[in-house]
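Spelled out from the first residue to the last, the chains are:
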Amino acid sequence: MPIRQMKENSEQHLVIKNHLQNTMNPVQRAPKTAQNGKGPPAVHEPQNAKLPHNQTSPPTKNKGRRRGRGGRKSDQGDVCMRPSSRPCTVAHKPLNPAAGDLVAASSNGSMQNGHNLCGMEMGFPTSSKSSNFAPRPGYGQVGTKCIVKANHFFAELPDKDLNQYDVTISPEVASRTVNRAIMAELVRLYKKSDLGMRLPAYDGRKSLYTAGELPFAWKEFIIKLVDEEDGINGPKREREYKVVIKFVARANMHHLGQFLAGKRADAPQEALQILDIVLRELSTKRYCPIGRSFFSPDIRAPQRLGDGLESWCGFYQSIRPTQMGLSLNIDMASAAFIEPLPVIDFVAQLLGKDVLSRPSSDSDRVKIKKALRGVKVEVTHRGNVRRKYRVSGLTSQPTRELMFPVDDNSTMKSVVEYFQEMYGFTIQHTHLPCLKVGNQRKANYLPMEACKIVEGQRYTKRLNERQITALLKVTCQRPRDRENDILQTVQHNSYDQDPYAKEFGIKISEKLASVEARILPAPWLKYHETGKEKDCLPQVGQWNMMNKKMINGMTVNRWACINFSRSVQESVARGFCNELAQMCQVSGMEFNPEPVIPIYSARPEQVEKALKHVYHASMNKTKGKELELLLAILPDNNGSLYGDLKRICETDLGLISQCCLTKHVFKISKQYLANVALKINVKMGGRNTVLLDAISCRIPLVSDIPTIIFGADVTHPENGEDSSPSIAAVVASQDWPEVTKYAGLVCAQAHRQELIQDLYKTWQDPVRGTVSGGMIRDLLVSFRKATGQKPLRIIFYRDGVSEGQFYQVLLYELDAIRKACASLEPNYQPPVTFIVVQKRHHTRLFANNHRDRSSTDKSGNILPGTVVDSKICHPTEFDFYLCSHAGIQGTSRPAHYHVLWDENNFTADGIQSLTNNLCYTYARCTRSVSVVPPAYYAHLAAFRARFYMEPEMQENASTGGGAGHTKSTRAAGESGVRPLPALKENVKRVMFYC
């Protein structure tokens, strides 16, 4: 025995309709041009579009839609706030407030006098769960057709009735494992009698499912369960449970069939959930289930990750409704597990073997406690008795000093003596602390060498760099290898022999789904006229800057360099800066070769002092003119230095910085310098390249009227951080028609809150009364200032939303967009297209023939531009998979785009081509990227904002925050959360370029 020791719910305004009537300019259709790869398509001047007046049309039924590359044909009226009659010109006259510019309407941001938008019903459009998302407008036709394979396996729909029963177990059990053991015993005892030969599937909690009815509607069972952990030879504890099973409902399989056939838009979640649980039942018994994945050390030999961790291989499994019917999505998975070692060996791995011979320091105890808290261990000092406990802490004293009372007279005995006398167990390492197990109020002591870590515990804390590298080596598989492993997994699972699948009549194909796909053409990119190559057609998702100059190269006159790396001598740093300056000049920038002050060397621990010294010294030298750029040379392993530098530069000094690691300074690569030059140029406000179709006004539903493209994301704290705020970021394009430059805002909000709270805000000002603000409003105003136009169309890419949150996010955030627009001007409601971007899914696409080099890139992955919108996609909704990038290593993950709301009437080709083309405008490299850039920038901005939290804020963060811009301080008073530091104005447009 171990020894006991003597502790806003926001009002919703949205009503989402299937066919919401919108008023907007008719789409200006650009003349078609052939792209034969020999040269850029010819530029055609768009014709002036005549705008119809006083025209209001009924909602369209979406019949007879044209499948062109742009918007769907619809009879739509004029916009109340129309732009100039020319649909696209690069230079515009400033707008006149009297003529309907973006000006604040009412102080509370609401619509005034109940005005309709050109006759349209304008209570804020609202949504409910009974509403449908945007329906699929048809299938894309653009691109070269091909066949790809997907890791989806056709599942034949059962023809049996599926029944749900409620399960109540008394006394209540928290562990799913124990619940399953109880139900397994019940099935063993009563299957042939009371259960009528049924083999039920159980979710481990409250629900039991059967194929066909049980012989009863309600029944009570008494189940006795033996505690197998109490040893092999001695008496075992027996516990008694009362189990009540009660009929609840019958799943509607006809509804599911109609949904899969596209005849119903609402998915029968209950039927899908039952089928998912049935197919997981056998794997749950065989393997270690974690979320939707299953892991086992038997699938592949575990690989050591270091510090007492190892990687387990496994597979992900989920039943999904698709156009081909029910589909079983299978993918390979890996996760970090705690090695099932004796605790003493685990500690030796964690701290080094000398820990067994030296006294433990306070830092040692902290590290051990952090690693083992919450971990389940089993005792090894009692022979066959293997009782399990969960570690709650660590003693502050070494084992040899621990005493405890053995009787009511407070007779004291040492832990060492107790274990020797009671169990004949000699504690060898008495200088080490003991584990505390149980709760704080009634804690028990266990010597480390008397415990072993229980197998099958996933490690949920943060991995260090070395462990991440080791895990990536395990998970990184070439496409052909991953495909083979998936097929082997399906064969090994033998779904045709699965007793539960047989019982419920589910049949799973063992072949990967063959899917029709298309490879979208890469867009032509425009570079500066003074370069040898004025335009460029990327090949296989890549190109380079040779013979090209940035289309808008900026000027850097005043710059300085700070060197935090001890190994980099001043002469080396100076040589690197000279090379970088030359590369910037060659690439099309004007870059002063001489810094304002000599390169300044500093120690990393004095980062704030060093940055302020360089800032003030430079200001003195330039007579008050601020630095335009700070170059910083950092050690390769720099800990918190990078984050501290960015926080100080961007929230305190207002400095735009570019960091370079020591390894790149010593080994100067032209490719590296070219990439850094690209980053510096966009940080200075320039453009590296633009889409040729953008500047020649040929992007459907972007070029015709001023269009703003948003990207939004929320990043959450890591597991184990239960109080740190989530960080939301929103970026928006700030140029039109180029749609290449972006500005971004960030805010901290409640812990793990997915809805972006600061999209639209109102607050009380003692002088001005109710004031409107928020990230959407601020970025709309910023767009108008930058372009001289107000946005008349909004395209909103939202990253990081799971399927279960679609309704909630759309409901809340579309409402915020509406309110932000209405707060700027009465009747200002530009049509919105709201698209969710998902990367955390398990669909993978493989070449139909891996030996055909023309169908793959160098890494063996499918070609960039591959798009799929049939068979494995949603039966009725508007979604598609797009692999927009070339693979580097491992298996490419396509991005999944789901259009939830579309008032702009995009065709499938229109939104797919726009999304793919935008992926070639990412500013930091000469490659197409895997996620549309506005969403990518938002993710980077949210990640960057974690650095803005002061060190004490990161450690003791309250649940929430405010917005990282000038009006952010109001959030603190409203929600009682601590705001992020305000970003300096010159940083907002560049902080996400990193």
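Residues numbered from 1 in each chain as written. Predicted model: local features only at pLDDT ≥ 70, side-chain atom pairs only at ≥ 80, totals over all residues. Heavy atoms only, no water.

Caption draft 1: Highlighting the overall build of the protein. Check the secondary structure of the protein and you find 21 helices and 42 strands. Among the 994 residues that make up the protein, the fraction classed as buried is 57%. (Helix = DSSP H or I, 4+ residues; strand = E, 2+ residues; numbered from the N terminus. Buried < 20%, exposed > 50% of the residue type's maximum accessible area, 1.4 Å probe, protein only.)

Caption draft 2: Highlighting a positive patch on the surface. A cluster of basic residues, Arg478, Arg480, Arg851 and Arg853, forms a positive patch at the surface. Mapped onto the elements, Arg478 comes out in the loop between helix 7 (465–475) and helix 8 (479–493). Exposure remark for Arg478: the relative accessible area of 48% places this residue in the partly exposed category. (Patch = residues over 30% accessible without salt bridge, like charges linked within 9 Å, V, L, I, M, F, W, Y side chains within 5 Å. Areas by Shrake-Rupley, 256 points an atom, 1.4 Å probe, with all protein chains shown as cover. Salt bridge = Lys/Arg side-chain N within 4 Å of Asp/Glu carboxyl O. Lys, Arg positive; Asp, Glu negative; His and termini not counted. Charge placed at Lys NZ, Arg CZ, Asp CG, Glu CD.)

Caption draft 3: Region of interest: the pattern of salt bridges. The full count for this structure, using the stated rule, is 44 salt bridges. Ionic pairing is found between Glu803 and Arg320, a salt bridge with its closest N-O pair at 2.5 Å. In this pair, Glu803 sits in the loop between strand 37 (793–799) and helix 17 (806–824) while Arg320 sits in strand 12 (residues 309–322), placing the two residues 483 residues apart along the sequence. With a shortest N-O distance of 2.8 Å, Arg798 and Glu813 are connected by a salt bridge. Pair noted here: Arg798 is in strand 37 and Glu813 is in helix 17, with a separation of 15 residues, a long-range link.

Caption draft 4: Fine view of helix 1 (residues 176–190). With 15 residues, helix 1 should cover 21 Å at 1.5 Å per step; its first-to-last C-alpha distance of 21 Å lies within 8% of that length. Those residues of helix 1 that are buried are in contact with strand 4 (162–170), strand 5 (201–202), strand 6 (207–211), strand 7 (218–226) and strand 8 (238–251). Two to three positions downstream of the cap, the backbone nitrogen of Thr177 sits 3.2 Å from a side-chain oxygen, assigning the N-cap of helix 1 to Ser175. (Expected span 1.5 Å × (residues − 1). Contact = heavy atoms within 4.5 Å. Polar contact = N/O pair within 3.5 Å; in protein donor to acceptor, adjacent residues only side chain to side chain.)

Caption draft 5: Just the sheet that holds strand 37, in detail. Ordered in space as 34-33-32-37-38-42-41-40-22-2-39, the 11 strands form an open sheet in which the pairing is mixed. The sheet is open, and its two edges are formed by strand 34 (742–749) and strand 39 (845–847), each paired on a single side. When the angles between neighbouring strand axes are averaged without regard to direction, this sheet yields 30°. Across three bridges, strand 40 (residues 866–868) lies against strand 41 (residues 878–883) in antiparallel orientation. For Val868, the partnering residue across the bridge sits in strand 41 and is Tyr881. This element, helix 17, spans strand 37, strand 38 (832–838) and strand 42 (895–902) of the sheet and lies at about 140° to strand 38. Against the sheet, helix 19 (residues 933–945) contacts strand 32 (707–715), strand 33 (726–733), strand 34, strand 37 and strand 38, and its axis sits at roughly 40° relative to strand 32. (Pairing = 2+ DSSP bridges. Axes fitted to C-alpha atoms, helices over the stretch in contact; angles between N-to-C directions.)

Caption draft 6: Geometry of the sheet that holds strand 24 (residues 535–536). The three strands lie next to each other as 24-23-31, forming an open sheet whose pairing is antiparallel. Strands at the two margins of the open sheet, each flanked by one partner only, are strand 24 and strand 31 (690–691). Here strand 23 (residues 525–526) pairs with strand 31 via two bridges, running antiparallel. Note on strand 31: the bridge partner recorded for Leu525 is Leu691.

Caption draft 7: Geometry of the packing of aromatic side chains. For the structure shown, the criterion picks out 28 aromatic pairs. Measuring from ring centre to ring centre gives 5.1 Å for Tyr937 and Phe992, while their planes differ by 40°; the resulting arrangement is tilted. Taken as a pair, Tyr937 in helix 19 and Phe992 in the segment after helix 21 (970–975) lie far apart in primary sequence, 55 residues in all. For Tyr937, a relative accessible area of 0% corresponds to the buried category. On the accessibility criterion, Phe992 (0% relative accessible area) is buried. Taking 4.7 Å as the distance between ring centres and 55° as the angle between the ring planes, the aromatic pair formed by Phe992 and Tyr993 counts as tilted. (Phe/Tyr/Trp six-rings, centres within 6.5 Å; stacked < 30°, edge-to-face > 60°.)

Caption draft 8: Spotlight on the pairing of strand 12. Among the 14 residues of strand 12, 14 are classified as buried, and the element is accordingly described as predominantly covered. Judged by which residues are buried, strand 12 turns out to be covered on both faces: Leu309, Ser311, Cys313, Phe315, Gln317, Ile319 and Pro321 on one side and Glu310, Trp312, Gly314, Tyr316, Ser318, Arg320 and Thr322 on the other are all buried. Bridge count for strand 10 (residues 293–296) against strand 12 is four bridges, and the pairing is antiparallel. Note on strand 12: the bridge partner recorded for Phe295 is Gly314. The sheet contact formed by strand 11 (residues 303–306) and strand 12 spans three bridges and is antiparallel.

Caption draft 9: Spatial organisation of the environment of Gln428. Structurally, Gln428 is set in the loop between helix 6 (415–423) and strand 18 (433–437). Take Gln428: its relative accessible area is 56%, and that puts it in the exposed class.

Caption draft 10: View of unusual backbone geometry. Residue Pro171 is reached from Ser170 by a cis peptide bond, and omega for that bond is -5°. When you line up the elements, Pro171 lands in the loop between strand 4 and helix 1. Of note, the bond from Trp736 into Pro737 is cis; its omega dihedral lies within 30 degrees of zero at 15°. By the secondary structure assignment, Pro737 is in the loop between strand 33 and strand 34. For Leu701, which is not glycine, the phi dihedral falls at a positive 60°. Tracing the backbone shows Leu701 in the loop between helix 15 (692–695) and strand 32.

Caption draft 11: Inspection of the side chain of Thr907 at higher detail. Summarising the element assignment, Thr907 is placed in the loop between strand 42 and helix 18 (908–918). Here Gly910 takes part through its backbone nitrogen, which lies 2.9 Å from a polar atom of the side chain of Thr907.

Caption draft 12: Local environment of the side chain of Asn917. Position of Asn917 relative to the elements: it lies in helix 18. When near neighbours in sequence (up to four residues on either side) are disregarded, Asn917 contacts Pro521, Pro523 and Leu691.

Caption draft 13: Structural view of the packing of helix 16 (residues 775–787) against helix 17. In contact at an axis separation of 8 Å, helix 16 and helix 17 are set at 50° when each is read in the N-to-C sense. Taken together, the axes of helix 16 and helix 17 are oblique relative to one another. In this structure, the crossing between helix 16 and helix 17 has a hand that is right-handed. Contact with helix 16, carried on its side by Ile776, Arg777, Leu780 and Val781, involves Ile817, Ala820, Cys821, Ser823 and Leu824 of helix 17 and no other residues of that element. Of the residues that constitute the contact of helix 16 with helix 17, the class distribution is seven nonpolar, one polar and one charged. (Parallel < 35°, antiparallel > 145°, perpendicular 65-115°, else oblique. Left-handed = near helix turned anticlockwise from the far one by under 90°. Nonpolar A, V, L, I, M, F, W, Y, C, P; charged D, E, K, R; others polar.)

Caption draft 14: Spatial organisation of the nonpolar core. Ile680, Tyr797 and Tyr897 are the most contacted members of the largest nonpolar core, which totals 96 residues. Per-element tally for this core: the top contributor is helix 14 (residues 670–683), with eight residues. Of the residues that make up this core, three or more belong to each of domain 3 (553–686) and domain 4 (689–838 + 927–950 + 978–993). Each residue touching Ile680, except ones within four places of it in the same chain, is listed here: Val556, Leu580, Cys584, Met589, Phe591, Leu629, Leu631 and Gln658. (Core = buried A, V, L, I, M, F, W, Y, C linked by side-chain atoms within 4.5 Å. Domains from an automatic or database assignment.)

Caption draft 15: Structural detail: helix 7. Buried residues of helix 7: Gln467, Leu471 and Val474, and no others. One side of helix 7 carries all its buried residues, which in axial view fall inside an arc of 55°. Across helix 7 from its buried face, at more than 90 degrees, point the exposed residues Glu465, Arg466, Leu472 and Lys473. Here the buried face of helix 7 lies against strand 11, strand 12 and strand 13 (325–338). Near the N-terminus of helix 7, the side chain that reaches the backbone nitrogen of Arg466, with its oxygen 3.1 Å away, is that of Asn464. (Arc of directions from axis to C-beta.)

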